[in-house]
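# Architecture and fold: a report
Each chain, written out:
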Amino acid sequence: MPVEEFDVVVAGGGPAGSTVASLVAMQGHRVLLLEKEVFPRYQIGESLLPSTVHGVCRLLGVTDELAEAGFPKKKGGTFRWGARPEPWTFSFGLSERMTGSASFAYQVERARFDEILLNNAKRKGVEVREGCSVTGVIEGEERVAGLRYTDPDGVERAVRARFVVDASGNKSRLYSSVGGTRNYSEFFRSLALFGYFENGKRLPEPYSGNILSVAFDSGWFWYIPLSDTMTSVGAVVRREMAEKIQGDREKALQALIAQCPLISEYLADAHRITTGRYGQLRVRKDYSYHQTAFWRPGMILVGDAACFVDPVFSSGVHLATYSALLAARSINSVLADELDEKTALTEFEARYRREYGVFYEFLVSFYEMNVNEESYFWKAKKVTNSDHTDLESFVELIGGVSSNETALTSSGRIAERSAEFAAAVDRMATSDDGNMAPLFRSRVVKQVMREGGQVQLKAILGEGAEPELPLFPGGLVVSPDGMKWLPFRPVDAD
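Cut-off values and rules
- Residues numbered from 1 in each chain as written.
- Predicted model: local features only at pLDDT ≥ 70, side-chain atom pairs only at ≥ 80, totals over all residues.
- Heavy atoms only, no water.
- Helix = DSSP H or I, 4+ residues; strand = E, 2+ residues; numbered from the N terminus.
- Buried < 20%, exposed > 50% of the residue type's maximum accessible area, 1.4 Å probe, protein only.
- Arc of directions from axis to C-beta.
- Contact = heavy atoms within 4.5 Å.
- pLDDT = per-residue confidence, 0-100.
- Salt bridge = Lys/Arg side-chain N within 4 Å of Asp/Glu carboxyl O.
- Core = buried A, V, L, I, M, F, W, Y, C linked by side-chain atoms within 4.5 Å.
- Pairing = 2+ DSSP bridges.
- Axes fitted to C-alpha atoms, helices over the stretch in contact; angles between N-to-C directions.
- Polar contact = N/O pair within 3.5 Å; in protein donor to acceptor, adjacent residues only side chain to side chain.
- Phe/Tyr/Trp six-rings, centres within 6.5 Å; stacked < 30°, edge-to-face > 60°.
- Lys NZ or Arg CZ within 6 Å of the ring centre and 35° of its normal.

## A look at the overall build of the chain
- Tallying secondary structure elements over the chain gives 13 helices and 23 strands in all.
- A burial count over the chain gives 59% of its 494 residues as buried.

## Observations regarding helix α5 (residues 249-258)
- Along α5, the positions that sit buried rather than exposed are Ala252, Leu253, Leu256 and Ile257. Viewed along the axis of α5, the buried residues span an arc of 135°, placing them on a single side of the element. Opposite its buried face, α5 presents the exposed residues Lys251 and Ala258, each directed more than 90 degrees away.
- As for α5, its buried residues are in contact with β12 (190-198), β13 (211-216), β14 (219-225), β15 (230-238) and α6 (261-266).

## Remarks on the confidence of the model for the chain
- Here the chain averages 87 in pLDDT, and 87% of its residues register 70 or above.
- This model gives residues 411-421 a pLDDT under 50, and the stretch forms 31 contacts once residues within four places in sequence are excluded.
- Counting interchain partners and residues more than four positions distant, the pLDDT-below-50 stretch residues 436-465 has 61 contacts.

## Side note on the pattern of salt bridges
- Applying the stated criterion across every chain, the model contains 22 salt bridges.
- Of the charged contacts in the structure, one is a salt bridge between arginine 189 and glutamate 186, with a shortest N-O distance of 3.7 Å.
- Notably, a salt bridge pairs lysine 484 with glutamate 338, separated by 3.1 Å at the nearest N-O pair. Highlighted residues: lysine 484 in the loop between β22 (476-478) and β23 (485-487) and glutamate 338 in the loop between α7 (316-335) and α8 (341-366), separated in sequence by 146 residues.
- With a relative accessible area of 41%, glutamate 338 lands in the partly exposed category.
- Within the structure, one salt-bridge network assembled from shared partners comprises Arg329, Glu347, Arg351 and Glu405.

## Examining the nonpolar core
- Membership of the largest hydrophobic core comes to 128 residues, with the highest contact counts inside it found for Leu147 and Phe362.
- Tallying contributions element by element places α7 first for this core, with 12 residues.
- Sequence-distant contacts of leucine 147, defined by excluding residues within four places in its chain, comprise Val9, Ala11, Leu34, Val134, Gly136, Val137, Ile138, Arg157, Ala158, Val159, Val164 and Leu174.
- Counting residues in hydrophobic clusters, the runner-up holds 26 residues, among them Leu191, Phe216, Ala235 and Met241.

## A few points about the sheet that holds strand β11 (residues 182-184)
- Overall, antiparallel pairing links the 3 strands, which are arranged β11-β18-β21 in an open sheet. Of all strands in the sheet, those with a lone pairing partner are β11 and β21 (307-308), marking the two edges.
- As paired elements, β11 and strand β18 (residues 289-291) share 3 bridges and run antiparallel to each other. Bridge pairing links asparagine 183 to histidine 290 in β18.
- Running over the sheet, α8 touches β18 and β21 and is turned about 170° from β18.

## A few points about the side chain of serine 103
- Its place among the elements puts serine 103 in the loop between β5 (88-91) and β6 (105-106).
- In this structure the side chain of serine 103 is engaged in a polar contact, spanning 2.7 Å, whose partner is the backbone oxygen of glycine 100.

## Notes on the pairing of strand β4 (residues 76-80)
- Burial analysis of β4 places 5 of its 5 residues in the buried class, which makes it a mostly covered element.
- Residue alternation in β4 divides its side chains into two sets, Gly76, Thr78 and Arg80 and Gly77 and Phe79, and both sets are buried.
- In this sheet, β5 lies alongside β4 in antiparallel orientation, the contact comprising 4 bridges. Note that in β5 the partner of phenylalanine 79 across the bridge is tryptophan 88.
- Looking at chain direction, β4 and β13 are connected through 4 bridges and run parallel. Bridge assignment links glycine 77 to a residue of β13, and that residue is isoleucine 211.

## Examining the side chain of arginine 354
- Tracing the sequence through the fold places arginine 354 in helix α8.
- In this structure, arginine 354 is in contact with Thr384, Ser402, Ser403, Leu471 and Phe472, ignoring residues within four places of it in sequence.

## Comments concerning the packing of aromatic side chains
- In this structure the tally under the stated criterion is 38 aromatic pairs.
- Between phenylalanine 90 and phenylalanine 92 the ring centres are 5.6 Å apart and the planes differ by 80°, which places this aromatic pair in the edge-to-face class.
- Under the relative-accessibility criterion, phenylalanine 92 is labelled buried at 0%.
- Ring geometry for tyrosine 289 versus phenylalanine 308: centroids 6.2 Å apart, planes at 25°, classification stacked. Separated by 19 residues along the polypeptide, tyrosine 289 in strand β18 and phenylalanine 308 in strand β21 bring together distant segments of the chain. Of the two residues, tyrosine 289 and phenylalanine 308, both sit in the buried class.
- Here the guanidinium or amino end of arginine 182 rests over the ring plane of tyrosine 175, the centre of that ring lying 3.8 Å away.
- Looking at lysine 201, its charged tip hangs above the ring of tyrosine 266, at a distance of 4.9 Å from the centre.

## A look at unusual backbone geometry
- A cis geometry characterises the amide bond from phenylalanine 39 onward to proline 40, with omega recorded as 0°.
- Put simply, glutamate 205 and proline 206 share a cis peptide bond, and its omega is 5°.
- One can find proline 206 in the loop between β12 and β13.
- Its identity as a non-glycine residue notwithstanding, aspartate 337 has a phi of 60°, on the positive side.
- Position of aspartate 337 relative to the elements: it lies in the loop between α7 and α8.

## Some words on the environment of aspartate 153
- Here aspartate 153 lies in the loop between β9 (144-150) and β10 (156-166).
- Sequence-wise, aspartate 153 and glycine 131 are 22 residues apart; in three dimensions their C-alpha atoms are separated by 9.0 Å.

Here's what the structure looks like:
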């Protein structure tokens, strides 16, 4: 069997794989990426977070390409959830980390978005081979030493590398090679039935691009605008309600829509797409899980290969790309002989587990339907251990920036005028939207105004972002370019 040599080999060409491959290649290392399908290909998970768009994608150098793609802008989220009978909305711009030009994300057709990232990896110097199915790992002396795969012609091949990255998703064949077990959550065991519709209703401006999440008796719906006319619509039902999506999928989806008045209203003049890439009604198990080990010497799990959490907050692509960024920093630091493997990958795993953990813990409380949104805001502050206000803590968690990493917000973007921030909140409070105005006149928002003003003023006066601090005692910090780990040295250290 012919054997090639690379510094890193990545299994999977989705957002996680493309991201880690690009960020390592950008440091001058030889990277091979193996993808079993040929892009573009269908994938679920269309709603992004600001941390991905303005953090990871900025590091990758694709922000201009995303802006030119014409994807709908998502300025926040709209929920018919909890005790409030009417929908309520939050805006990313209510956090100083995501104000101004960083106060939005995109709703994307994943076939197009993923292809943008994969093509970018090629431009960054990654050797990308599509139509290649990975069959197993190569074991070395006490470490993983490479991968075996089958090429498009059916020829078995092998590649040796210093690091193997499994970015092949929840159907990974490789994840067990790191050891440990995959633990499934007993709380989140759901099934999703979903399809695509033309000419569905949109939320009022300026939130027409928001995701709409609507709870109903059997579970909840997502409603994601992917263009001016196309919408992704899915029903997530609890496992004890699984019979509701069995049998005829068309009838099952229509029956679930009929149970949810708000979704019925938005689809009243719409028709389901029945041909092409979006013509199939699909079912997916949205079981939350985590692997008890995220790495072993020579091998790293990123994205869904390591863990998955309930999708109500659209965290899938965020967790995929953020974990890829964390892994790339570790690999870059080791390949540059600046850190040992154990130190670098311990930091990767601790940070990825923390990010997964705050989403998981908060989501458990979010399924308490007998409370109002301010209770959710308070819980977000608690699980993220934030010193910001309740509402800001919620927005930062949902925006993917609760880790306080400047690389996820683009340092400098936080230096927005506090007066602009105040004016934006005032406009919301006096808007004609009767459902949202009370929320932004509430005590929570006034608290944001008082406490957030000092942070905004500090940025205006030129002090910029706070010095990078370890996320954990004794941990590492991020290099100024966001591409490596550095040992933490206090300012007053010799």
